[in-house]
Amino acid sequence: MSNDGTTYQGFTAEERAAMKEHAQDQKKAARRASRADKAAQDRDDVLAKIAEMQEPDRVMAERVHAVITAGAPELAPKLWYGMPAYALDGKIVCHFQSAAKFKTRYATLGFSDRANLDDDTMWPVGFALTEVTAQVEAQIAALVKHAVS
């Protein structure tokens, strides 16, 4: 039981599906031969996952992907729990989560503890996205550059 008197119900169906996707992604990555093959397949997997998304998530994910890969080419695209993510030295720095994936109100751009966004004792690491405008693209580019600096 939790503190509020309710019983723990376990993971949601969406969370279990994301964990299964992550396990499949890990198995697929382990079978790949060369580092170049892995990188190319990871990029293709991310682009395929983005292509599967419904609008407006797909449009936003395409723009986020373009901004991140142009602004921080050292970040390698890869799937992370079935979401487009970007890694440095194999460790996830940021990821895009579509609103449809977990049936939320908005898509998010999230940063892991690997991102160098530290600012005093508290700073944002998750950003809600409802549209990716030129201004939002500039903000994402600045955040990603800062995250890998």
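## Regarding the layout of surface pockets
In this structure, the second largest pocket encloses a volume near 200 Å³. Lining the second largest pocket are 14 residues; nearest its centre among them are Lys49, Met53, Ser98, Ala100 and Lys101. Those elements giving two or more residues to the lining of the second largest pocket turn out to be helix 2 (35-52), strand 2 (83-88) and strand 3 (91-97). Its residues assigned to classes, the lining of the second largest pocket shows five nonpolar, four polar and five charged.

## What to know about the pairing of strand 2
Across the six residues of strand 2, five count as buried, placing the element largely inside the fold. Alignment of strand 1 (residues 76-80) against strand 2, held across five bridges, turns out to be antiparallel. Bridge assignment links alanine 76 to a residue of strand 2, and that residue is alanine 87. As consecutive antiparallel partners, strand 1 and strand 2 are separated by two residues, and within that stretch tyrosine 81 has a phi angle of approximately 55°, a positive value. Both strand 2 and strand 3 contribute to a ladder of four bridges, which runs antiparallel. Paired with leucine 88 across the two strands is lysine 91, which belongs to strand 3. With antiparallel pairing between neighbouring strands as the criterion, strand 2 and strand 3 make up a hairpin whose turn holds two residues, including aspartate 89 at a positive phi of roughly 55°.

## Topic: the packing of aromatic side chains
Describing an aromatic ring pair means giving the distance of the ring centres and the angle of the ring planes. In the structure shown here, the tally under the stated rule is two aromatic pairs. Ring geometry for tryptophan 80 against tyrosine 81: centres 5.2 Å apart, planes inclined by 80°, an arrangement best described as edge-to-face. Centre to centre, the rings of phenylalanine 111 and phenylalanine 127 are 6.1 Å apart; their planes meet at 90°, and the pair counts as edge-to-face. Of the two residues, phenylalanine 111 is situated in strand 4 (residues 107-111) and phenylalanine 127 in strand 5 (residues 126-129); the sequence distance between them amounts to 16 residues. Exposure remark for phenylalanine 111: the relative accessible area of 6% places this residue in the buried category. Take phenylalanine 127: its relative accessible area is 24%, and that puts it in the partly exposed class. Of note, lysine 101 hangs over the ring of phenylalanine 102, and the distance from its end group to the ring centre comes to 5.9 Å.

Calculation criteria
- Residues numbered from 1 in each chain as written.
- Predicted model: local features only at pLDDT ≥ 70, side-chain atom pairs only at ≥ 80, totals over all residues.
- Heavy atoms only, no water.
- 1 Å grid on protein atoms, 1.4 Å probe; cavity = no way out; pocket = protein on both sides within 12 Å on 5 of 7 lines; lining within 4 Å.
- Points joined across faces, edges and corners; volume = space filled by probe spheres on them.
- Helix = DSSP H or I, 4+ residues; strand = E, 2+ residues; numbered from the N terminus.
- Nonpolar A, V, L, I, M, F, W, Y, C, P; charged D, E, K, R; others polar.
- Buried < 20%, exposed > 50% of the residue type's maximum accessible area, 1.4 Å probe, protein only.
- Pairing = 2+ DSSP bridges.
- Phe/Tyr/Trp six-rings, centres within 6.5 Å; stacked < 30°, edge-to-face > 60°.
- Lys NZ or Arg CZ within 6 Å of the ring centre and 35° of its normal.

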